[in-house]
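# Observations on the model geometry
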Amino acid sequence: MIGLISATSAGAAARDRLAAAWPDRTRVYEGPVGEAVRAAFAECEQLVCFLATGAVVRLLAPLLGDKTADPGVVCVDEGGRFAVSLVGGHGGGANALAGEVGGLLGAEPVVTTATDAVGLAALDTLGLPYEGAVAAVSRALLDGEPVALAAEVAWPLPPLQFSAEGAYTVRLTDRAVEPAEREVLLRPPSLVVGVGASRGAPAEEVLGLIGEALRDAGLAAGSVAELATVDAKAAEPGLVAAAGRLGVPLVTYSAEELAAVEVPNPSDAPLAAVGTPSVAEAAALAAGGELLVPKRKSERADGRPAMATCAVVRRPGRGRLAVVGLGPGARDLLTPRAAAELRRASVLVGLDQYVDQIRDLLRPGTRVLESGLGAEEERARTAVAEARRGHAVALIGSGDAGVYAMASPALAEASDDIDVVGVPGVTAALAAGAVLGAPLGHDHVSISLSDLHTPWEVIERRVRAAAEADLVVTFYNPRSRGRDWQLPKALGILAGHRDPATPVGVVRNASRPDESSRVTTLAGLDPATVDMMTVVTVGNTATRTVAGRMVTPRGYRWQESAR
């Protein structure tokens, strides 16, 4: 919950805008400001104070304890010009909150955290449990001192500038070791604990067994990613409670799935009880990996039979491939999710001209693999190969990466050994449609006129189908120096089903500084004025020109009533 505190009418107006925008995330604190701040600090995860930073500093000073537990605090000035991340930039999420508040109120986010100020991924924001000399190692990274990465477990990380050797170390490990003086330990979620339990097994017995198994094997509890068991035990209270207290999900598999997993220690007891000769070992191994702790049973002080079993597997680190749509070109049409994925990637793969558009958004240390036009399949293979090596990879394309772009060749290469994330983008058709008016108000289709990958016979069949179905058509790749006859041919097909006065929109470089557009007609369009940077949108029989803009009504009744 985010506590909102204000002292003046101007602050209250901005406060109420946040409260209205985030009704489920915020709580307004009324009354004297000091009491409101103290109450919100005790009850909320974050605070937004519409007060001077000096006043908030004085109010917070006696309340501050540990930066890992204190709420994140953002201050907004009376004029609503700045949203200042004051306390808990990383641990309390104030840096991210300042950005959200700024976006909603039109204020400029002010973040002074050293790593954020220079675009460096902070060690305490990687989403991994950590311990050790975070401040000292972060300072070394900021100062350009050599920091070595000791990766005992392969895991995708954001870009960090590591050296082969150094006086400081970041150790990626799931072993139960203590950090050295100039070392940070990062705990990857690499351990899966398979668990079996009799009905009514206490959570304390399950947790005690897991703790002993990890300690005996020299493994860190912070690297436990999930508990796994059979479907029949999905609601077993002791297992549910144990997963909750460990802060990990309880993942379940069917008895048939577990029975198919080869294990070293099968047993008749679980086979009779739930239909599989192994629960703990099979559930831990179901997703693949190395068995570190074979099945072991809990020991009860009262000498009664054990009620829980467990086994531990180290699963392999999975690379991550984000296929990112950059939008049509304008920076403000690049989505926040796309920008976040660009900052997260340690490897960026893309067409050179697209890389140039977003190079300034990359974190220091990002490895860039760029190539020219015509190398789409090579880029797809490269991105997948880098992800398979355990890296966090972003593969970029213009518009939406799934529309005539890199998603399809990349996903054709990718198998289930990597994680794949799709990040949508604003397409050229949508950007052009917004410039033209509302041409896509009813059913519509996009067709590429490039026959480099698709035979013209197939393209022509699709154009005829769109013409007969009375669909609004957006033509991508309409004309180049080597392909000058396809657009006239396609327009001729549409002309056989539509009036010569049918509106046609032509947009070149939609959303870019040299954008140009015009609305003409099916009979009036000169194909020679179109090139590869242009999108051509042909209306259907209901499309009209209203005040110079293309409008396709949502239904044909509108068309009839307008006559």
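Computed from a predicted structure; not experimentally measured. What you see as residue numbers is a count from 1 along each chain, following the sequence as written. In keeping with the model being predicted, local features are shown solely for residues with a pLDDT of at least 70 and side-chain atom pairs are shown and tallied solely at 80 or more, while totals for entire chains, interfaces and linings include all residues. Each side-chain value is worked out from all heavy atoms of the structure, with water and hydrogens disregarded.

### Side note on the packing of aromatic side chains
Put simply, the rule reads: Side-chain rings of Phe, Tyr and Trp (the six-membered ring for Trp) are treated as a pair once their centres are within 6.5 Å; stacked means planes under 30 degrees apart, edge-to-face means over 60, and tilted covers the remaining angles. Under the DSSP-based scheme used, a helix requires at least four consecutive residues in state H or I and a strand at least two consecutive residues in state E, with every element numbered from the N terminus. Each residue is assigned to one of three classes by its accessible area relative to the maximum for its type, calculated with a 1.4 Å probe on protein chains only: buried under 20%, partly exposed between the two thresholds, exposed over 50%. Only Lys NZ and Arg CZ are tested; either one counts as a charge over a ring when it is within 6 Å of the ring centre and within 35 degrees of the ring normal.
Within this structure, the stated rule accounts for 2 aromatic pairs. Ring plane angle 55 degrees and centroid distance 4.8 Å describe the contact between Tyr404 and Tyr476, whose orientation is recorded as tilted. Of this pair, Tyr404 sits in the loop between strand S19 (392-397) and helix H15 (407-413) while Tyr476 sits in strand S23 (residues 472-476), placing them 72 residues apart in sequence. Here the aromatic rings of Trp456 and Trp485 are separated by 5.0 Å at their centres, their planes lie at 70 degrees, and the arrangement is edge-to-face. In this pair, Trp456 sits in helix H17 (residues 456-468) while Trp485 sits in the loop between S23 and helix H18 (486-495), placing the two residues 29 residues apart along the sequence. Residue class for Trp456 comes out buried when judged on its relative accessible area of 10%. On the basis of relative accessible area, Trp485 is assigned to the partly exposed category, the value being 42%. One Lys or Arg, Arg25, reaches over the ring of Trp22 and ends 4.4 Å from the middle of that ring.

### A few points about the nonpolar core
As a rule of thumb, nonpolar side chains are buried together in soluble globular proteins. Inclusion rule: The criterion is simple. A nonpolar core is a set of buried Ala, Val, Leu, Ile, Met, Phe, Trp, Tyr and Cys residues joined through side-chain atoms within 4.5 Å. Any two residues whose heavy atoms approach within 4.5 Å at even a single point are treated as in contact.
The biggest cluster of nonpolar side chains holds 23 residues, and the ones touching the most others in it are Val193, Val195, Ile210, Leu214, Val224, Leu227 and Val312. Of all elements in the fold, only strand S11 (191-197), helix H7 (203-217), strand S12 (224-230), helix H8 (237-246) and strand S15 (308-314) reach the threshold of two or more residues within this core. Looking at which element gives the most residues to this core, the answer is H7, with 6 residues. Ignoring sequence-local partners within four residues, the contact set of Leu227 consists of Val193, Val195, Ile210, Leu239, Ala242, Ala243, Leu246, Val248, Pro249, Leu250 and Val251. Ranked by size, the runner-up nonpolar core spans 21 residues in total, among them Trp456, Ala467, Leu487 and Leu491.

### Regarding the side chain of Arg483
For clarity, the threshold we go by: As used in this structure description, the phrase polar contact means that two N or O atoms lie within 3.5 Å; if the pair is within protein, one of them must be able to donate a hydrogen and the other to accept it, and residues adjacent in sequence are counted only when both atoms belong to side chains.
Here Arg483 is to be found in the loop between S23 and H18. Here the side chain of Arg483 touches Leu449 through a polar contact of 3.1 Å, landing on its backbone oxygen. Leave out the neighbours within four places in its chain, and Arg483 touches Leu449, Ser450, Asp451, Asn477, Pro478 and Met532.

### Let's talk about the layout of surface pockets
Rolled over the atoms, a probe with the dimensions of a water molecule shows which regions are left empty. The condition that has to hold: Of the two site types, the cavity is a set of points on a 1 Å grid over the protein atoms alone where a 1.4 Å probe fits but cannot get out, and the pocket is an open set with protein on both sides within 12 Å along at least five of seven lines, each lined by residues with an atom within 4 Å of a point. Grid points are joined across faces, edges and corners, and a volume is the space filled by probe spheres set on the points.
The calculated volume of the largest pocket comes to roughly 1,600 Å³. If you go around the largest pocket, you meet 45 residues; those closest to its centre are Tyr354, Glu376, Tyr404, Asn477 and Met532. For the lining of the largest pocket, the secondary-structure elements that each account for two or more residues are helix H13 (352-358), helix H14 (376-388), S19, H15, strand S22 (444-448), H17 and strand S26 (534-538).

### Let's talk about the sheet that holds strand S21 (residues 437-438)
Adjacent strands of a sheet form backbone hydrogen bonds with each other and so pair up, either parallel or antiparallel. This is how it is decided: Strand pairing is assigned whenever DSSP detects at least two bridges linking the two strands.
In space, the 3 strands of this open sheet follow the order S21-S28-S27, with mixed pairing throughout. Each edge of the sheet is formed by a strand with only one pairing partner; in this case those strands are S21 and strand S27 (544-546). As paired strands, S27 and strand S28 (residues 549-551) are joined by 3 bridges and run antiparallel to one another. Directly across from Thr545, in S28, lies its bridge partner Met550.

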